[in-house]
Amino acid sequence: MSNSENPSQRATRAPLTYSEFAGDRDFATTLARGLELLRCFSPKEPWLANKQLANRLNLPAATISRLAYTLTSMGYLVQEQGHGRYRLGSAVLSLGYPLLEYFPLRRKARPLMLQLAKDTGGSISIGIRDRLNMVYIEVVRAHSRRVYPLDVGTSYPILGTAIGRAWLMALPPEERTAQLNQIRVKAPEQWARFGKDVERNIRQFAKHGCCVSVGELFPDVQAIAVPLGAIDHGEVAALNCSFQGVALDEAWLKKQVYPKLQALAREVMA
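Model, not experiment: these values are computed from the prediction.

## Thoughts on the packing of helix α7 (residues 162-169) against helix α8 (residues 173-186)
Line of reasoning, step 1. In the contact formed by α7 and α8, the axes pass within 8 Å of each other and the chain directions differ by 135°. By the angle class used here, α7 and α8 are oblique. The segment α7 lies against α8, with W167, L168 and M169 engaging R176, Q179 and L180.
Line of reasoning, step 2. The residue makeup of the contact of α7 with α8, split by class, is 4 nonpolar, 1 polar and 1 charged.

## Looking at the pattern of salt bridges
Line of reasoning, step 1. Applying the stated criterion to the full structure yields 13 salt bridges.
Line of reasoning, step 2. Two residues, R106 and E138, come together in a salt bridge whose shortest N-O distance is 3.2 Å. Residue R106 is located in helix α6 (residues 105-120), and its partner E138 is located in strand β4 (residues 133-141); the two are separated by 32 residues in the primary sequence. Accessibility classification places R106 together with E138 in one group, the buried group.

## A look at the side chain of D232
Line of reasoning, step 1. For D232, the position within the fold is in the loop between β7 (221-230) and β8 (236-244).
Line of reasoning, step 2. One buried charged residue, D232, remains without a salt bridge, the closest side chain of opposite sign being R107 at 7.6 Å.
Line of reasoning, step 3. Leaving out residues up to four positions away in the same chain, D232 has contacts with Y102, F103, P104 and L105.

## Structural notes on the sheet that holds β4
Line of reasoning, step 1. A sheet is described by the order of its strands in space; here 6 strands give the open sequence β5-β4-β3-β8-β7-β6, paired in antiparallel fashion. On the outer flanks of this sheet lie β5 (155-157) and β6 (211-214), each paired with one strand and no other. Across the sheet, the axes of successive neighbouring strands diverge by a mean angle of 30°, strand direction being ignored.
Line of reasoning, step 2. Here β7 pairs with β8 via 9 bridges, running antiparallel.

## Focus: the confidence of the model for the protein chain
Line of reasoning, step 1. Confidence in the prediction for the protein chain averages 91 pLDDT; 93% of positions are at 70 or higher.
Line of reasoning, step 2. Ranking the elements of the protein chain by mean pLDDT puts helix α1 (residues 7-12) last with 42 and α7 first with 98.
Line of reasoning, step 3. In the predicted structure, residues 1-11 sits below a pLDDT of 50 and forms 13 contacts with residues beyond four places in sequence or in another chain.

So, how was this worked out
- Residues numbered from 1 in each chain as written.
- Predicted model: local features only at pLDDT ≥ 70, side-chain atom pairs only at ≥ 80, totals over all residues.
- Heavy atoms only, no water.
- Axes fitted to C-alpha atoms, helices over the stretch in contact; angles between N-to-C directions.
- Helix = DSSP H or I, 4+ residues; strand = E, 2+ residues; numbered from the N terminus.
- Parallel < 35°, antiparallel > 145°, perpendicular 65-115°, else oblique.
- Contact = heavy atoms within 4.5 Å.
- Nonpolar A, V, L, I, M, F, W, Y, C, P; charged D, E, K, R; others polar.
- Salt bridge = Lys/Arg side-chain N within 4 Å of Asp/Glu carboxyl O.
- Buried < 20%, exposed > 50% of the residue type's maximum accessible area, 1.4 Å probe, protein only.
- Lys, Arg positive; Asp, Glu negative; His and termini not counted.
- Pairing = 2+ DSSP bridges.
- pLDDT = per-residue confidence, 0-100.

Quick look at the structure:
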């Protein structure tokens, strides 16, 4: 990233790896490697060994050992005794809490989201961008049934989700085009899988005022979403209502759920 870029240009970029910053003398590569190491962990793979981390990050085992030792010493990793594997430490959770408090809109929205969840039987969520994904900063469900992960901090591809498509529609047209171009280049598999449906959503947005994803990311999940626009501190967000294990029905989403979701969005942003 060139130092000549202005702040708005930097904010719209979605780097995938620190290799994109090669040649930037102000960029701390060691710090970036440590942060990328933390991102290797997931609910499906909570424990990872040095060799697995080295393969994922394409780094020497000695470098991984130093990074893991440092992160363990600082509480960001915990080492499994006798096995040499690591998992995320409590310091990671503590690090994320101040960010959530950065969005006081969540407190205002939560009771309203809960009421809509009860009315529809769905899960209501607010999401913002994380690289080429949408990450949830608030999730409310009227029941505990779920098959796929859906909680604060969960992330899914921008293009594969209704909330990601609604987020795109919250952007000025030139920024939306820039984001779509980045996804085409940096995540071609995402574009190949979801691109046509995203283009359909964009074409129909003026008529319907919402975006949908019906059985695209998961075969038995459907969702409808609307843009929130800029929320706290100018962060662009979108609002989503999703359903798992309910008969897929795009017309029902638009006719029955959309008016309630749009009313919630207006009240939250009032």
